[in-house]
Amino acid sequence: MKKGGTLLGTKILTAIIVGFIAAKFLGEGMIESGLFAGLSVVAIVAAMNDTNGGLYMALMGQFGKKEDVGAYSIMSLESGPFLTMITLGVAGLAAFPWQTLVGAILPLVVGMILGNLDKELREFLGKAVPVLVPFFAFALGAGLNLKNVWQAGLLGVLLGISVVVITGLALLFTDRLTGGSGIAGLAAASTAGNAAGVPAAVVAANAAYAPVVQTATALVASCVIVTAILVPIVTAWWAKRIGAGASGS
């Protein structure tokens, strides 16, 4: 709860702050010309809100502790469009029906409750975590399409780097502030693959964002690849710097 709650709260708050600032300049639209053409609040928030769970758990399996791996059970609440909708609402850019918000989060909540209430189910599935890591890693690599980076252009690369730098620094700080080494924080500074579907989900709930959905999807998809490459490098570098090995020392 401590580790997962800290990382989840930090990532949400960071996305809200950045989204609120961006909303002052972009509103519901996007930049139409120049180097940042296509950039929108939806793209920024969707890229920052959702952590790549498979990547996080793979890195924590090598550099972290079992508590760090388990923290993703809390962080999984950020999966999907729920938090992006909340962030856009906080920024004053959109209002979504409460039924849509509940529908976006309910399956995750039910799954977490059942997993915590049923001890046998928890023990049975807990043994499978180490086995799943290679499959997570394989699926991550197989799902990467470098054409997404090409389509999004330099802006997609810059947005991906920004996600690692901005959320990474915030997560590193709060992780260390709460007694962690900072490794888990940096490992969470990525964009999940399912985040690429968030702009379309947002548009389905609020048609005002229809003009930005195509470019936002391309940018977020690019962030998935860029962060999947950068986060392991940065995490490994930090682990080496502080002297943490594969045993999670």
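As shown above, the structure is provided for reference.
The following paragraphs examine the structure supplied in this document. (Residues numbered from 1 in each chain as written. Predicted model: local features only at pLDDT ≥ 70, side-chain atom pairs only at ≥ 80, totals over all residues. Heavy atoms only, no water.)

What follows concerns the overall build of the chain. In terms of helices and strands, the chain carries 13 helices and zero strands. In the chain, the order of α-helices and β-strands from amino to carboxyl end is α-α-α-α-α-α-α-α-α-α-α-α-α. Counting the 249 residues in the chain, one finds 47% classified as buried. A separation threshold of at least 6 residues defines the contact pool for the chain, and within that pool the share at least 24 residues apart is 79%. Summing over all exposed atoms, the chain offers an accessible surface of approximately 12100 Å²; the carbon and sulfur share of this is 71%. (Helix = DSSP H or I, 4+ residues; strand = E, 2+ residues; numbered from the N terminus. Buried < 20%, exposed > 50% of the residue type's maximum accessible area, 1.4 Å probe, protein only. Contact = heavy atoms within 4.5 Å. Areas by Shrake-Rupley, 256 points an atom, 1.4 Å probe, with all protein chains shown as cover.)

Attention shifts here to the packing of helix H12 (residues 198-205) against helix H13 (residues 213-242). The contact between H12 and H13 brings their axes to 8 Å, and the two run at 150 degrees. Classified by the angle between their axes, H12 and H13 sit roughly antiparallel to one another. Contacts between H12 and H13 pair Pro-199, Ala-200 and Val-203 from the former with Val-213, Ala-216, Thr-217 and Val-220 from the latter. Looking at the contact of H12 with H13 residue by residue, the classes come out as six nonpolar, one polar and no charged. (Axes fitted to C-alpha atoms, helices over the stretch in contact; angles between N-to-C directions. Parallel < 35°, antiparallel > 145°, perpendicular 65-115°, else oblique. Nonpolar A, V, L, I, M, F, W, Y, C, P; charged D, E, K, R; others polar.)

Now for the side chain of Thr-167. Note on placement: Thr-167 falls in helix H10 (residues 147-177). Not counting residues up to four positions away in its chain, the partners in contact with Thr-167 are Lys-11, Thr-14, Met-48, Ser-162 and Ala-189.

In this section: the pattern of salt bridges. Inspection of every chain in the model, using the stated rule, returns one salt bridge. Asp-175 is the salt-bridge partner of Lys-3, the closest N and O atoms lying 2.7 Å from each other. Of the two residues, Lys-3 sits in helix H1 (residues 2-26) while Asp-175 sits in helix H10, which places them 172 residues apart along the sequence. (Salt bridge = Lys/Arg side-chain N within 4 Å of Asp/Glu carboxyl O.)

Read these as spatial facts, not as claims about activity.
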